[in-house]
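Listed below, chain by chain, are the residues.
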Amino acid sequence: MSRANPMRRPNIAFVMSDDHAAHAIGAYGSRINRTPQLDRLADEGALFEAVYCTNSVCAPSRATILTGTYSHLNGVRSIYEDFDYRLPTFPQVLQRKGYATALFGKWHLGEADENLPQGFDDWAIFRGQGEYFDPELITAEGSSHVEGYATDLITDLACDWIAGREPDQPFCLLLHHKAPHRPWEPHPRHADAYPVGTIPEPDTLFDDYETKPTAVKVARMRVSDDLTVTDVKEDVPAELLGEENRVERTRWNYQRYMRDYLGCIQAIDESMGRVLDSLDAAGVAEDTLVIYTSDQGFFLGDHGWYDKRFIYDESLQMPFLARWPRVIAPGTRVARSLTNVDFAATFLDLAGLGPADLPQQQGESFVPLFGDPAAGTGHADSVYYRYWEHDDPSHGAWSHYGVRTATHKLVYYYAAGLGVKGASDKVYPPEWELIDLVNDPQELVNVADDPQYAHVRAELERELARLQRHYNDEPYVG
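Residues numbered from 1 in each chain as written. Predicted model: local features only at pLDDT ≥ 70, side-chain atom pairs only at ≥ 80, totals over all residues. Heavy atoms only, no water.

J.: When you look at the sheet that holds strand 4 (residues 100–105) in this model, what are you seeing that I'm missing?
T.: Each strand in a sheet pairs with its neighbour through backbone hydrogen bonds, running either in the same direction (parallel) or in the opposite one (antiparallel). Taken in spatial order, the ten strands make up an open sheet running 7-6-5-4-8-1-9-10-2-11, and their pairing is mixed. The strands lining the two open edges of the sheet, one partner per strand, are strand 7 (142–145) and strand 11 (332–334). Across this sheet, the average inter-strand angle for adjacent strands is 15 degrees, counted without regard to direction. Pairing geometry for strand 1 (residues 11–17) and strand 8 (residues 171–176), over five bridges, is parallel. Paired with methionine 16 across the bridge in strand 8 is histidine 176. Against the sheet, helix 1 (residues 36–44) contacts strand 2 (46–48), strand 9 (288–294), strand 10 (320–323) and strand 11, and its axis sits at roughly 60 degrees relative to strand 10. (Pairing = 2+ DSSP bridges. Helix = DSSP H or I, 4+ residues; strand = E, 2+ residues; numbered from the N terminus. Axes fitted to C-alpha atoms, helices over the stretch in contact; angles between N-to-C directions. Contact = heavy atoms within 4.5 Å.)

J.: So what exactly am I meant to see when it comes to the side chain of aspartate 436 here?
T.: Relative to the helices and strands, aspartate 436 is located in strand 16 (residues 431–436). No salt bridge is formed by the buried aspartate 436; the nearest opposite charge belongs to arginine 404, separated by 10 Å. (Buried < 20%, exposed > 50% of the residue type's maximum accessible area, 1.4 Å probe, protein only. Lys, Arg positive; Asp, Glu negative; His and termini not counted. Salt bridge = Lys/Arg side-chain N within 4 Å of Asp/Glu carboxyl O.)

J.: What exactly am I supposed to notice about the packing of helix 1 against helix 8 (residues 246–281) here?
T.: Packed helix pairs are specified by the crossing angle of their axes together with the interaxial distance, meaning the distance between the axes. At a minimum axis distance of 7 Å, the contact between helix 1 and helix 8 shows a crossing angle of 50 degrees. By the angle between their directions, the pair helix 1 and helix 8 is classed as oblique. On helix 8, the residues touching Pro36, Gln37, Leu38, Arg40 and Leu41 of helix 1 are Asp269, Met272, Gly273, Leu276, Asp277 and Asp280. When the residues that make up the contact of helix 1 with helix 8 are grouped by side-chain class, the tally is five nonpolar, two polar and four charged. (Parallel < 35°, antiparallel > 145°, perpendicular 65-115°, else oblique. Nonpolar A, V, L, I, M, F, W, Y, C, P; charged D, E, K, R; others polar.)

J.: Would you explain the sheet that holds strand 15 (residues 408–413) in this entry?
T.: Taken in spatial order, the four strands line up as 13-14-15-16 in an open sheet, and their pairing is antiparallel. Each having just a single partner strand, strand 13 (383–387) and strand 16 make up the two edges of the open sheet. Pairwise comparison of adjacent strand axes, ignoring direction, gives a mean angle of 15 degrees for this sheet. Pairing of strand 14 (residues 400–404) with strand 15 involves four bridges; the strand directions are antiparallel. Looking at strand 15, one finds that arginine 404 is bridged to lysine 409. Helix 12 (residues 454–470) rests against strand 13, strand 14, strand 15 and strand 16 of the sheet, and its axis sits at about 110 degrees to strand 14.

J.: For this particular structure, what's the right way to read the nonpolar core?
T.: Note on soluble globular proteins: their nonpolar side chains tend to be buried together. Membership of the largest hydrophobic core comes to 133 residues, with the highest contact counts inside it found for Phe48, Phe90, Tyr257, Tyr261 and Phe310. With 14 residues, helix 8 is the single largest residue contributor to this core. (Core = buried A, V, L, I, M, F, W, Y, C linked by side-chain atoms within 4.5 Å.)

J.: So what exactly am I meant to see when it comes to helix 5 (residues 150–164) here?
T.: For the α-helix, the turn length of 3.6 residues means that residues three or four positions removed from each other point alike. The end-to-end C-alpha separation of helix 5 is 21 Å, in line with the 21 Å expected for 15 residues at 1.5 Å each. Every buried residue belonging to helix 5 is among Ala150, Thr151, Asp152, Leu153, Ile154, Thr155, Ala158, Cys159, Trp161 and Ile162, and all of these are buried. Along its buried surface, helix 5 packs onto strand 4, strand 5 (122–126), strand 8 and helix 8. (Expected span 1.5 Å × (residues − 1).)

Right, dumping it as structure tokens:
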């Protein structure tokens with residue numbers, strides 16, 4: 001076993017997948033799959049129960065993590081907007097302060113010269129979303145197709161980099177998986193890990209949206225009808241077509257969707273084990289903070305949906321597992337609410353740096369929580385969320401913002417594109433949604449107009465306005 005150097009700045013190994021829902025991880029109570037290596041992180045370190053994204057789409061979440069800012073400041077409000085470095089990033093700061101830095105995997109923030117990764121000594125990224133098999137990798141020297149499976153390939157690069165780096169230099173490694181992003185193509189070794197017909201259905205698979213706003217009812221993310229043959233890998237049988245067969249068609253699609261989605265996760269789980277073994281082999285495990293997260297959550301048939309975008313918890317929550325043997329006690333559980341805006345401040349704090357080193361960042365370091373999950377920090381118990389990619393061509397989710405507390409959630413569907421790239425220019429009548437998370441944890445009933453909740457709604461409207469002022473975000477005014 002390696003020995004920790006108490007004077008050393010810790011290494012950071014930040015592993016992030018794409019669209020991996022927390023409820024598809026064993027440590028988070030998954031009923032549908034097994035993730036022994038990710039569970040190992042939780043057992044040997046900490047599981048964070050309430051980490052949330054601030055805009056549940058791939059590129060915006062990544063820009064937020066890099067800069068520590070909300071989408072309206074970093075300029076990446078939708079997947080159609082590239083990262084232009086109007087704001088510096090935490091890897092750039094760490095590199096200047098003596099860290100070795102590397103990035104392998106998904107970037108998805110633009111591929112023009114001015115959008116490519118900066119602040120990394122070594123990097124190799126997928127073109128676009130990346131392909132599962134034989135993907136094209138872009139590096140500083142150019143691009144080429146590489147034979148193999150994407151998850152395995154970038155894990156190879158990461159493990160080789162750990163082994164070959166300068167041993168006395170602290171490092172920050174970013175390993176960004178493409179998986180389990182659509183269209184869900186597992187490696188053949190995992191193709192039969194979760195056979196069709198064996199995967200439990202979520203309780204809300206047949207949510208009827210009875211009390212929900214129009215924005216929820218019109219979204220095109222239904223397992224029953226919006227998955228394609230590319231997604232489920234075969235044509236829906238003729239006898240399952242038609243409105244009268246919606247229930248059985250939903251079940252048929254769900255099993256095939258989840259078979260492949262969960263198969264992709266198995267390779268990620270194996271990758272996590274390889275990274276941990278590489279840190280052990282390099283003798284740096286004690287001095288390395290290892291984090292596993294996803295850029296957002298995902299609907300796994302919940303509310304009858306796939307994809308993300310909405311403020312509902314299955315989409316909003318990010319898994320966040322952390323191991324740092326020198327500091328984090330095994331089996332730690334952290335309940336405090338955090339967001340991906342806080343990541344950059346935390347990484348800089350680990351390196352002995354502060355807000356002045358990344359002046360624009362809007363987050364707060366949660367380093368104290370690693371050693372004491374009950375530590376007092378400046379974090380409030382409310383979380384601000386804003387989805388900008390209004391009525392996009394593929395999913396039709398309407399723009400909205402809202403606040404989540406430990407007990408309630410208030411959402412305003414303002415339903416306008418506001419000129420955001422990729423958003424529709426159609427405008428729909430705004431609507432409110434209020435959810436009682438204590439009595440309705442599955443988020444099925446909208447009580448926004450219930451007189452019994454009038455005082456709660458008023459209080460949350462004030463909190464929402466406060467958070468918008470705090471984060472310098474403009475409320476919708478029509």
